[in-house]
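One letter stands for each residue in the lines below.
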Amino acid sequence: MIVRTEISVIIRVDTGRGIKDCLASLFGQDFHQPFHIIVMESGLEHECEAYLDQVINAHPNVFRFSCAPSTIASFGNLGLSHSIGKYVVFLTEMMVVKPDFLSSLWKMAKEEKSCVVLSDKKRKTYKGTEMFSRFIKGEMMTAYGGLFLREMIHKKRIQFEPSFHENQMVPLLAFSFLSSVNVSTVPTSVIKGLPNPSLLSVEVLSSIQKRMIEEGMDQPKVDKMMRKAMKLVKKRKGGRKNG
């Protein structure tokens with residue numbers, strides 16, 4: 001049984017090749033609040049199976065669950081369903097983090113009363129809509145390596161959608177940024193493995209627009225915001241079809 005903790009760290013594992021270094025970096029955190037680790041695996045090589053069994057036996061705060069292979073929806077939604085920390089952090093098995101990774105994200109969330117804290121180049125706090133402006137310009141970092149208030153995710157009924165590119169978490173970022181919450185950034189404590197920034201596409205924006213209207217947001221305001229976003233995304237060089 002997972003006892004309620006401050007942070008749930010959800011790790012996406014596709015092969016297990018990077019999990020040893022990832023977990024070692026988490027076991028070396030200087031974070032003094034309780035946290036637990038949820039390993040969402042969709043396929044492991046034999047030696048990784050044995051390693052994870054040893055880790056789980058030795059560390060009562062590490063848990064393992066299976067998810068469908070190569071789907072962001074399965075990893076994200078199932079991982080969230082197993083999490084009970086006040087905050088959640090998403091990693092991939094290839095990510096290795098510095099000892100202050102969790103403490104720097106958590107401290108910023110507490111000091112700024114932020115629902116989202118992301119790894120970026122500098123320490124700053126925005127309103128969600130301000131961050132969305134950065135996001136549609138392609139300036140924003142990936143959601144991996146970020147900290148999210150779990151209550152916000154549930155309250156906004158944010159889910160990972162299978163129609164979007166497997167390596168990106170666009171819905172989580174976009175819906176978070178469009179909420180009336182503080183979004184903060186801190187200098188990244190990720191040593192390696194941080195995925196490329198998530199880029200919005202016309203397809204993803206259309207889905208977000210529909211979802212916002214379903215949630216009861218003011219349609220003229222949504223339409224105005226989305227027209228501006230669509231214009232920027234279409235202009236941005238290198239925009240991709242799938243977010």
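Residues numbered from 1 in each chain as written. Predicted model: local features only at pLDDT ≥ 70, side-chain atom pairs only at ≥ 80, totals over all residues. Heavy atoms only, no water.

(A) Broad picture of the environment of Arg227. On the secondary structure map, Arg227 appears in helix 9 (residues 219-235). In sequence terms Arg227 and Leu205 are 22 residues apart; their C-alpha atoms lie 9.7 Å from each other. (Helix = DSSP H or I, 4+ residues; strand = E, 2+ residues; numbered from the N terminus.)

(B) Expanded view of the pairing of strand 1 (residues 7-13). Burial within strand 1 is extensive, with seven of its seven residues counted as buried. Neither face of strand 1 is left uncovered, since the one carrying Ile7, Val9, Ile11 and Val13 and the one carrying Ser8, Ile10 and Arg12 both have all their residues buried. Judged from the seven bridges that link them, strand 1 and strand 2 (residues 35-41) form a sheet pairing that is parallel. Bridge pairing in strand 2 places Ile10 opposite Ile38. Once you follow strand 1 into helix 1 (residues 19-27) and on to strand 2, the crossover reads as right-handed. (Buried < 20%, exposed > 50% of the residue type's maximum accessible area, 1.4 Å probe, protein only. Pairing = 2+ DSSP bridges. Right-handed = clockwise from strand over helix to strand, strands pointing away.)

(C) Geometry of the packing of aromatic side chains. Per the stated rule, a full pass over the model turns up three aromatic pairs. Relative to Phe148, the ring of Phe90 lies with its centre 6.1 Å away and its plane at 65 degrees, an arrangement referred to as edge-to-face. One end of the pair, Phe90, is in strand 4 (residues 87-92); the other, Phe148, is in strand 8 (residues 147-149), and 58 residues separate them in sequence. Comparing Phe90 with Phe148 shows no difference in burial state: the two are buried. An aromatic cluster of three or more residues is present, and its members are Phe31, Phe35 and Trp106. In this structure, Lys20 is placed above the aromatic ring of Tyr51, and the distance from its NZ or CZ to the ring centre is 5.3 Å. (Phe/Tyr/Trp six-rings, centres within 6.5 Å; stacked < 30°, edge-to-face > 60°. Lys NZ or Arg CZ within 6 Å of the ring centre and 35° of its normal.)

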